[in-house]
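Coordinate inspection notes
Listed here are the chains, written in short residue letters.
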Amino acid sequence: MQNANKAKLSEMQRLLDIMAQLRDPKSGCPWDVKQTMESLTRYTIEEAYEVADAIATGDMREIKDELGDLLFQVVFYAQIASESSAFSFDDVAQSISDKLVRRHPHVFGAQSVDDGKDSEKEGEALQRATLSDTALNAQWDAIKAQEKQLKKQRSEQSGQAVETSILDSVPKGMPALMYAQKLQKACAKVGFDWPDAAPVIDKVREEVEEIQQELDHKQRAETAAEEASKHVNITTNDEALHDNQNAIEEEIGDALFAMVNLARHCKVDADTALRNASNKFANRFKDVERLAAEQGETLDALTLDEMEALWQQVKKSSFSA
C-alpha cells in the first residue's frame, strides 16, 4: 500500500513538472505560455461538463480521462499563480484539506488543521458521526457563517470591499440554472421563500400567461406594422417591436426562474432534470432518424405530420420497453 501511495505521489509530481515545462518561457509550448487565469475559465467549465457527460455514459475509462483533464486545469491555475509567488499547488491542496477538516467536526472532532490531532474522545466521535441530516446542515451553515465572518474581518483589515448581502457570495459566473437555484436557496435561509410548492405552481402559471400576453402584443404590433407598410406615408415603429422582443425575453426569464423555484420545492435539481430531459429528447430524435432511414427517407424530405408519426412510434416503443 505504501509503494502504491508513493507511485501516486510520483505521478502527481510528474504532472506538476510537465505543467512547469509547458509554461517555460524559453522551451515551453507557446499556447500554454500565453494563457492567463481569465483565458482558461471557459476551458475549465467545458472540462467540468465533459466530466458530467462521461459520468452519464458510465464509461469508467472515459471518466478517468476526463477527470485527468479537469485536474490539469487546477494544476494550470496553480502554475500560473506560482509564477507570481501568489500560491502553489501544495497551497491549493492544503487549503481544501484544512477546509474539509474544519467543516466536518462530526468526523474529525476538534482537530487542529495544523497537527491533525483529535482532542475528542472516541465515544464522542461516534456520537458526532450519527448526527441527523438536519443537524449536519445546521452545523455546516454555522461553520460557513463563521468562515464568512472571518473573511469579512480580513477584508476590512486589508481595505478591500466587504460583502453586505447574503447574495454576494453566490458566484455570478455559474450556469444560469445553478445560479438561480443558489440565489433562491440563499434567500430561503432567511425566510424569503414560498411555504410549499402550491403557490410556486401558481407563479409558474402567472409567468406563462405573461409570456402569452407579450406574444399577443407582438402579433398585434406586427399586424399593425404590416398594414402600415402598405401606406407610403406611414412608417413602422421598429423601436416598439424591439422593446416588445426584450419584454418577451424578460418574461421567459421570469418563467424559467419560477420553474427552477418549483424544482427546488419539489427537491429536484433543475439542471439535472433539464439535462435528463434533453438526453431523452436526443435519444428519441436519433430513433426517429433511424426509423426514417429504415424507410429510405431523410427527415428533411418528410412532412411535419410524417415526422410526428415517427416520433409517436418512438415514444410508444420507449414506454413499452
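Residues numbered from 1 in each chain as written. Predicted model: local features only at pLDDT ≥ 70, side-chain atom pairs only at ≥ 80, totals over all residues. Heavy atoms only, no water.

1. A word on the packing of helix α3 (residues 37-57) against helix α4 (residues 60-83)
We apply this condition: Helix axes are fitted only over the stretch in contact, all axes being lines through C-alpha atoms; the angle between N-to-C directions runs from 0 to 180 degrees. Each helix corresponds to a stretch of at least 4 residues labelled H or I by DSSP, and each strand to a stretch of at least 2 residues labelled E; elements are numbered beginning at the N terminus. Each angle receives one of four descriptions, namely roughly parallel if under 35 degrees, roughly antiparallel if over 145, roughly perpendicular if within 65 to 115, and oblique otherwise. By definition, turning the near helix anticlockwise from the far helix through less than a right angle yields a left-handed crossing, and turning it clockwise yields a right-handed one. Whether two residues are in contact is decided by their heavy atoms, any of which lying within 4.5 Å being enough. Ten residue types, Ala, Val, Leu, Ile, Met, Phe, Trp, Tyr, Cys and Pro, are classed as nonpolar, four, Asp, Glu, Lys and Arg, as charged, and the remainder, Gly among them, as polar.
Packing of α3 against α4 brings their axes to within 8 Å, and their N-to-C directions diverge by 160°. Judged on the interaxial angle alone, α4 and α3 are roughly antiparallel. The two elements α3 and α4 cross, and the hand of that crossing is left-handed. Every residue of α4 that contacts α3 at M37, L40, T41, Y43, T44, E47, A48, E50, V51, A54, I55 and T57 is listed here: E62, I63, E66, L67, D69, L70, Q73, F76, Y77, I80 and A81. Residues belonging to the contact of α3 with α4 are distributed by class as follows: 14 nonpolar, four polar and five charged.

2. Some words on helix α5 (residues 89-103)
Heads up, the rule is: A helix is expected to span 1.5 Å multiplied by its residue count minus one. When a residue's accessible area, from a 1.4 Å probe over protein chains only, is under 20% of the maximum for its type it is buried; when over 50% it is exposed; and in between it is partly exposed.
With 15 residues, α5 should reach 21 Å at 1.5 Å per residue; the first-to-last C-alpha distance of 21 Å fits that figure. Every buried residue of α5 is listed here: F89, D98, V101 and R103.

3. As for a negative patch on the surface
We apply this condition: Residues form patches when they are more than 30% accessible in relative terms and have no salt bridge. Like charges link within 9 Å. Nonpolar side chains (Val, Leu, Ile, Met, Phe, Trp, Tyr) link within 5 Å. Surface accessibility in these figures is a Shrake-Rupley result with a 1.4 Å probe; residues are shielded only by whichever protein chains are displayed. Throughout this description, the term salt bridge denotes a Lys or Arg side-chain nitrogen within 4 Å of a carboxyl oxygen of Asp or Glu. Charged residues are defined here as Lys and Arg on the positive side and Asp and Glu on the negative side; His and the ends of the chain fall outside this count. Just so you know, the charge point we use is NZ for Lys, CZ for Arg, CG for Asp and CD for Glu.
Taken together, the side chains of E297, D305, E306 and E308 present a region of like negative charge at the surface. In this fold, E306 is placed in helix α13 (residues 304-320). Relative accessible area serves as the criterion here: at 40%, E306 is assigned to the partly exposed category.

4. Here's the deal with the pattern of salt bridges
Counting across every chain of the model gives nine salt bridges. Across the pair K203 and E207 runs a salt bridge, and its minimum N-O distance is 3.3 Å. With K203 and E207 both in helix α10 (residues 197-228), this residue pair falls four residues apart, about one helical turn. The class of K203 is partly exposed, set by a relative accessible area of 27%. Between R290 and E294 there is a salt bridge; the shortest N-O distance is 3.0 Å. Taken together, the positions of R290 and E294, both in helix α12 (residues 270-294) and four residues apart, correspond to about one turn of that helix. What makes R290 partly exposed here is its relative accessible area of 40%.

5. Points about the side chain of R103
Relative to the assigned elements, R103 resides in helix α5. R103 sits in the buried class, given a relative accessible area of 13%. Beyond its immediate chain neighbours, meaning those up to four positions away, R103 contacts Q139, W140, I143, K144 and E147.

6. Some remarks on a positive patch on the surface
Where like charges cluster on the molecular surface, the positive patch consists of K99, K144, K148, K151, K152, R154, K182 and K185. Broken down by secondary-structure element, the contributors of at least two residues to the positive patch are α8 (133-158) and α9 (176-188). For the positive patch, the leading source of residues is α8, giving five residues. Within the secondary structure layout, K151 lies in helix α8. With a relative accessible area of 46%, K151 lands in the partly exposed category.

7. Description of α12
In this model, α12 (25 residues) spans 36 Å end to end at C-alpha, consistent with the 36 Å of a helix rising 1.5 Å per residue. Among the residues of α12, A270, R284, V288, L291 and A292 are the ones counted as buried. G296 sits one or two residues past α12 and shows a positive phi near 75°.

8. Re the confidence of the model for the chain
Worth spelling out the cut-off: You can read pLDDT as the predictor saying how much it trusts each residue, on a scale of 0 to 100.
Of the residues in the chain, 86% reach a pLDDT of 70 or more, and the chain-wide mean stands at 87. Between the elements of the chain, mean pLDDT differs from a low of 50, seen in helix α7 (residues 122-129), to a high of 98, seen in α4.

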